[in-house]
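# Structure assessment
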Amino acid sequence: MGLVSVFLDILRKPTIGGVVSELLMFVAPLWVAVIVGVLVGWAWKPKWANLGREMSIDCSGSKDSSPPSKESSSMGFGSISNLNFVKFQLPSCISWTSDDGVQKDCFSLPPTLDSNCSSSRIEKEKTGLVTDEDLENLCKLVEEKDGGPDWIHMMERSTPTMYYQAWRRDLPIGPTQYRSQTVFDDATPEMVREFFWDDEFRAKSRWDEMLLNAATLEECPTAGTMVVHWVRKFPFFCSDREYIIGRRIWESGRVYYCVTKGVPYPSVPRKSKPRRVELYYSSWCIRAVESRKGDGQLTACEVLLFHHENMGIPWEIAKLGVQLGMWGTVKRIDPGLRAYQKERASGVPLSHCALMAQINTKVSADYLKSLESNANDSSELKTHTSSEKQLGKNIPKLLVVGGAIAVACILDRGLLTKAVIFGVARRFAKFGRRL
């Protein structure tokens, strides 16, 4: 009855403006309370809340770690320095700083463990984690012939020595995909390739602030394939995340196709903490381009990055974090690259990870063209959303979420209850869009 009396008092205001202002003042705290309740309830949810999802991940681990297709690729850089939330990365990482610093840098396994890589069976096992199918998928993304939705432009920024722009797109299933183009002046493709592969420098220089721990699990010096284990720092309301990443580089006339993705690795069992990220894809194409000076010289380096991952954070919140913090993270990359160039010029020996970046699988231009022709064939199968499907949007998402807020406020049963109600409403709104 107290709420009803307050509401009636508001409606008795003499002017419409007074009623609107009072309603806004009345509703705003409720919105804040619900948002805080959702965040805290999600962060402190019991372990059984994730049991069914984790079991499904266990049953389909190899599927989740395969390269993203039209159905499963769900993506370049992740960040939220302002919200300290989702660090959107440049190639092959998302990063934040930890107070206690990096615990471990990239290291190689003893040479005796890799001596058996000449064995065809073991070599096939190692290179099979990242295959030519991954190269084909990356080529389709580069040429924008993967059959996915159109990219939506997000931002365009520049510094005196770097140019950057980014796009995103949402698939019916899976996290948001990101695509970015970064052009570094006065940099070679080889230098940039080794810069992004060098986990040791990444940790030492802190240009990638999120990395807590990086270790090489196995490698093959024949194909250059590596399997690395990363642990990354997340905010206080999230546990840290671990990644088992397979990575490999293909070269075609100084154009480098670098693939990194989550791979299954049974010898490193999953733990409750840090929480393992199964769905991870971060790949890029590095090539020389003309300088922004307009002198016709190929003295600049372009990086096209494609990234997506499921970190166990609600996708809408992750998308907001990326949008707010992307540029704050990306602009740290250029100073890191310039420091790397100076260190290399001083004669410092290459790290083991950087040496592995020089082992590439060479492919011909004709082979890449054949992949593009395959992409053209597959693009003809792209389907468009029917008008009947659009009828599902007649259920306004705002109406559903607003109703959930009212129910959450009336049923004062704690933060977890409100989080569950809000989550159900969100899923119902998505269901309405799919009708």
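What follows covers helix α8 (residues 189-197). For an α-helix, the turn length of 3.6 residues means that residues three or four places apart are oriented alike. α8 sits mainly inside the fold: 9 of its 9 residues count as buried. Regarding α8, the residues found buried are P189, E190, M191, V192, R193, E194, F195, F196 and W197.

What follows covers the nonpolar core. F184, V192 and F196 are the most contacted members of the largest nonpolar core, which has 49 residues in total. The next biggest cluster of nonpolar side chains, apart from the first, holds 19 residues, and it includes L135, L141, V142 and L304.

On the surface, a cluster of nonpolar side chains totalling about 330 Å² of accessible area is made up of I16, V20 and L24. Here I16 is to be found in helix α2 (residues 16-43).

Another point: helix α11 (residues 333-345). When the terminal C-alpha atoms of α11 are compared, their 18 Å separation across 13 residues agrees well with the 18 Å that a helix rising 1.5 Å per residue should span. Taken as a whole, α11 has its buried residues at I333, D334, G336, L337, R338, Y340 and Q341. Once α11 ends, the next one or two residues include G347, with phi positive near 90°.

This brings us to the packing of α8 against α11. A pair of packed helices is captured by two measures, namely the crossing angle of their axes and the spacing between those axes. Running from amino to carboxyl end, α8 crosses α11 at an angle of 105°, the nearest separation of the two axes being 10 Å. As summarised for this structure, α8 and α11 are arranged roughly perpendicular, according to the angle between their axes. Packed against α8, whose contacting residues are M191, V192, E194, F195 and F196, the element α11 presents I333, G336, L337, Y340, Q341 and R344 at the interface. Its residues assigned to classes, the contact of α8 with α11 shows 7 nonpolar, 2 polar and 2 charged.

Turning our attention to the pattern of salt bridges. Considering all chains together, one arrives at 22 salt bridges under this definition. Among the salt bridges present, the one from K319 reaches D170, with a minimum N-O distance of 3.0 Å. With K319 in helix α10 (residues 315-330) and D170 in the loop between β2 (162-169) and β3 (177-184), this residue pair connects regions lying 149 residues apart in the sequence. Look at D170 and you get partly exposed, because its relative accessible area is 34%. The salt bridge partner of R247 is D199, with a shortest N-O separation of 3.2 Å.

Going through the model one piece at a time under the given rule, you end up with 11 aromatic pairs. Each ring, one from F195 and one from F196, has its centre 5.1 Å from the other, and the planes form 55°; the classification is tilted. Across the pair, F196 and F195 agree in class, each one buried. Note on F195 and W207: the rings are 4.8 Å apart at their centroids and 25° apart in plane angle, and the pair reads as stacked. With F195 in helix α8 and W207 in the loop between α9 (199-205) and β4 (211-219), the pair connects residues that are 12 residues apart, well separated along the chain. Both residues of the pair, F195 and W207, count as buried.

Of the consecutive residues K273 and P274, the connecting peptide bond is found in the cis state with omega at -5°. With respect to the helices and strands, the residue P274 is situated in the loop between β7 (256-262) and β8 (275-276). For R206, which is not a glycine, the phi torsion comes out positive at approximately 65°. Tracing the sequence through the fold places R206 in the loop between α9 and β4. By relative accessible area, R206 is classed as partly exposed at 29%. At R254, a position not held by glycine, the phi torsion is positive, near 70°.

A separate point is the confidence of the model for the protein chain. Mean pLDDT for the protein chain: 73, with 63% of residues reaching 70 or above. Between residues 50-122, whose pLDDT stays under 50, and residues either more than four places distant or in other chains, the model counts 229 contacts.

The rules we used
Residues numbered from 1 in each chain as written. Predicted model: local features only at pLDDT ≥ 70, side-chain atom pairs only at ≥ 80, totals over all residues. Heavy atoms only, no water. Buried < 20%, exposed > 50% of the residue type's maximum accessible area, 1.4 Å probe, protein only. Helix = DSSP H or I, 4+ residues; strand = E, 2+ residues; numbered from the N terminus. Core = buried A, V, L, I, M, F, W, Y, C linked by side-chain atoms within 4.5 Å. Patch = residues over 30% accessible without salt bridge, like charges linked within 9 Å, V, L, I, M, F, W, Y side chains within 5 Å. Areas by Shrake-Rupley, 256 points an atom, 1.4 Å probe, with all protein chains shown as cover. Salt bridge = Lys/Arg side-chain N within 4 Å of Asp/Glu carboxyl O. Expected span 1.5 Å × (residues − 1). Axes fitted to C-alpha atoms, helices over the stretch in contact; angles between N-to-C directions. Parallel < 35°, antiparallel > 145°, perpendicular 65-115°, else oblique. Contact = heavy atoms within 4.5 Å. Nonpolar A, V, L, I, M, F, W, Y, C, P; charged D, E, K, R; others polar. Phe/Tyr/Trp six-rings, centres within 6.5 Å; stacked < 30°, edge-to-face > 60°. pLDDT = per-residue confidence, 0-100.

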